[in-house]
Amino acid sequence: MNRNVSITPPVDAQQNPAVVTDMREMNGAEGLVRTLVANGVDVCFANPGTSEMHFVAALDKVPEMRCVLGLFEGVVTGAADGYGRMTGKPAATLLHLGPGLANGLANLHNARRAQSPILNIVGDHATYHREFDSPLTSDIEMTARPFSHWVRTSPEAGGIAEDAVEAIAAARSAPGHISTLILPADTAWTMGGQVIAGRPQAETPLVSEEAMADTAARLGRGTKTGLLVAGRALQADALELAGRIAAATGAAVMSSNLVARQERGAGRFSPEIIPYAVDAAVRFLADFRQIIVVGAPGAPVAFFAYPGLPSRLAPRDCEIATLATPGQDIMDALQRLAERVGATAGGHLEPLDIPSPATGALTAASIGQSLGAFMPEGAIVVDEAVSSGAPLFPATRTSRPHDWMKNMGGSIGFGLPAAAGAAIACPDRKVICLEADGSAMYTQQALWTYAREELDILVVIFNNRKYEILRGELAKVQAGVPGINATNMLEIGRPDINWTLLARGQGVEAVRVEDMKAFNHQYSAAIRRKGPFLIEVMI
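Since the structure is predicted, the reported quantities are computational estimates derived from the model, not experimental observations.

## Topic: the overall build of the chain
Counting its secondary structure elements, the chain contains 21 helices and 20 strands. Computed over its C-alpha atoms, the radius of gyration of the chain comes to 24 Å, within 12% of the 24 Å expected for a compact globule of 539 residues. Scored against the burial criterion, the 539 residues of the chain give a buried share of 55%. Restricting to contacts in the chain with at least 6 residues of sequence separation, those with at least 24 account for 80%. Carbon and sulfur atoms form 53% of the exposed surface of the chain, whose accessible area is close to 21800 Å².

Here it is as structure tokens:
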């Protein structure tokens, strides 16, 4: 049989939603790869091992699949997160048995919190080999379930295509889910693979008329009301509608200080940000008597528990109502609500107000000012600057239009991999990764992937040689004054990490700066050039 048989593409196959191509001379792995491509999953971030070798071999027969190697599984899953946030569709990951999946779980946790669509392919021992309990044997399904919305082991080559289309459908279901498909080695190498294409995507549920009427009534009460927007509601078209609703009703539009992806900058509506610090957040929300949730999982809560401070940030007498859950059609809900409340006039859109590059001392605040000055239009900013990040987000509010991503799950090591995924998703846009030195060490192998794939990413490493965020947290939880041993747990000097050398050793050009003049020169030049570049900022 001709292995170059044409597989019906997803667009055409929607008219014939059960297209099946039976290829008896094709093994399960090849059928899986072809099924992924036929259903629009054409990027795979991979760190394979022995059990995945037939999948790897199938890549030579299916060149439409772009496979990107990561040197650590946390890079693989984090890149899939960044890709999913920017495209709204799943990439595949290829992971090696239970330990490989376990290495990637931290960034799967972040992706789950960000509602990113991802399809994990996890290799396993051959079905007949598992009973021998060889060294890499583990319960992969049990490991995957807390971090996945859909989990299945596919034991037969003839059934892998059907399982794959179900996994893809689950990952694509609103607002974006994580599927984990476990592929035993004998499923991969056994002949009889099939290709299934064109299963139509399920429609996103609409908000009920009852919820719409309740929300409109609440907005007419005349009490202090907040619209808490998240997820799809943070894209520019949805924010514009939220701004119009706010202008018509007097409500305040707000968002969490963590955003999976926000379209912001000049010409866009900016919600107010609920502060991260609990006491500041409580003060911010003190006067609100009702909060209407649009695309958020629920009411605003503290990131951690602190002695003497509340977990719920809104006042006890503040009512929490939901207009649209993350899994509902948020744009439709906002459009219908705008019509219902007569929101015809536009809300406030940010003017283009570009600051001058900062001078003077090299601080996070001065760097934020220069970021705003040099921000290129269409940039994608991936922010894991942690303790250095507080002044960066507000300083770029009126910059040229751009997207901003933050770590939604709090498991560090998100930034460098997510930037790789974003760059592969949007190759014509500049990606700027703002990264803390401690967090970057978790997934610094991503730099190697930048170099190999020639990704257009500018990394700014904030090198303060500390886990500075933990110094503040130690005080907030009232753990006392740190002594020698405790201080050693909060600092990452002795020896100091040299990010310029680390980057160059993995093929990324890098420089170190120690004053604002040098930063402005290097940053503005790096914005104009193509390819990966790292600036190590000594603060």
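## Focus on the layout of surface pockets
Within this model, the largest pocket holds a volume of roughly 1200 Å³. Around the largest pocket sit 42 residues that line it, and Leu258, Tyr276, Val386, Ser387 and Ile469 are the ones nearest its centre. Of all the elements in the fold, those that place two or more residues in the lining of the largest pocket are strand S11 (262-264), strand S12 (272-273), strand S15 (379-384), helix H14 (392-395), helix H16 (437-440) and helix H18 (468-476). Examining the composition of the lining of the largest pocket, we find that 4 residues originate from one element, H18, more than from any other. Classifying every residue of the lining of the largest pocket gives 21 nonpolar, 11 polar and 10 charged. Taken as a whole, the second largest pocket encloses approximately 860 Å³ of empty space. Along its surface, the second largest pocket is lined by 33 residues, and Arg113, Ser256, Pro297, Val301 and Met408 are the ones closest to its centre. Elements that contribute at least two residues to the lining of the second largest pocket include exactly helix H5 (97-114) and strand S9 (225-229). It is H5 that contributes the most residues to the lining of the second largest pocket, 4 residues altogether. Within the lining of the second largest pocket, the residues separate by chemical class into 21 nonpolar, 10 polar and 2 charged.

## Observations concerning helix H2 (residues 28-38)
Across the 11 residues that make up H2, a large majority, 10, are buried. A distance of 3.2 Å separates the backbone nitrogen of Ala29 from a side-chain oxygen at the start of H2, and that oxygen is part of Asn27. Directly after H2, the chain includes Gly40, whose backbone phi takes a positive value near 85°.

## Quick word on the side chain of Ser370
Here Ser370 is to be found in helix H13 (residues 364-374). In this structure, Ser370 is in contact with Pro357, Ala358, Met516, Phe519, Asn520 and Tyr523, ignoring residues within four places of it in sequence.

## Focus: the packing of H13 against helix H21 (residues 516-528)
Two elements in contact, H13 and H21, have axes whose closest approach is 11 Å; the angle formed by their N-to-C orientations is 30°. Between H13 and H21, the interaxial angle falls into the category roughly parallel. Remark: the crossing between H13 and H21 carries right-handed chirality. Contacts between H13 and H21 involve Ser366, Ile367, Ser370, Leu371 and Phe374 from the first element and Met516, Phe519, Asn520, Tyr523, Ser524 and Ile527 from the second. For the contact of H13 with H21, the residue count by class is 7 nonpolar, 4 polar and no charged.

## Concerning the pairing of S9
Of all 5 residues that make up S9, 5 are buried, and the element is covered over most of its length. Where burial is concerned, the two faces of S9 agree: the one with Thr225, Leu227 and Val229 and the one with Gly226 and Leu228 are both buried. Taken together, the 3 bridges between S9 and strand S10 (residues 252-255) define a ladder with parallel strand orientation. Within the sheet, the bridge partner assigned to Gly226 lies in S10 and is Ala252. Between S9 and its parallel partner S10, the chain crosses via helix H10 (residues 236-249), and the hand of that crossover is right-handed.

## Brief notes about empty space enclosed by the protein
According to the stated counting rule, one finds 1 cavity of 30 Å³ or more in the structure shown. Approximately 40 Å³ is the volume attributed to the largest cavity. What lines the largest cavity is Phe45, Ala46, Val68, Leu69, Gly70, Val75, Val76, Ala79, Ala420 and Thr449. Elements that contribute at least two residues to the lining of the largest cavity include exactly strand S2 (43-46), strand S3 (66-69) and helix H4 (73-87). Element by element, the count of residues in the lining of the largest cavity is highest for H4, at 3 residues. Tallied by class, residues from the lining of the largest cavity come to 8 nonpolar, 2 polar and no charged.

Calculation criteria
- Residues numbered from 1 in each chain as written.
- Predicted model: local features only at pLDDT ≥ 70, side-chain atom pairs only at ≥ 80, totals over all residues.
- Heavy atoms only, no water.
- Helix = DSSP H or I, 4+ residues; strand = E, 2+ residues; numbered from the N terminus.
- Rg over C-alpha atoms; globule rule 2.2 N^0.38 Å.
- Buried < 20%, exposed > 50% of the residue type's maximum accessible area, 1.4 Å probe, protein only.
- Contact = heavy atoms within 4.5 Å.
- Areas by Shrake-Rupley, 256 points an atom, 1.4 Å probe, with all protein chains shown as cover.
- 1 Å grid on protein atoms, 1.4 Å probe; cavity = no way out; pocket = protein on both sides within 12 Å on 5 of 7 lines; lining within 4 Å.
- Points joined across faces, edges and corners; volume = space filled by probe spheres on them.
- Nonpolar A, V, L, I, M, F, W, Y, C, P; charged D, E, K, R; others polar.
- Polar contact = N/O pair within 3.5 Å; in protein donor to acceptor, adjacent residues only side chain to side chain.
- Axes fitted to C-alpha atoms, helices over the stretch in contact; angles between N-to-C directions.
- Parallel < 35°, antiparallel > 145°, perpendicular 65-115°, else oblique.
- Left-handed = near helix turned anticlockwise from the far one by under 90°.
- Pairing = 2+ DSSP bridges.
- Right-handed = clockwise from strand over helix to strand, strands pointing away.

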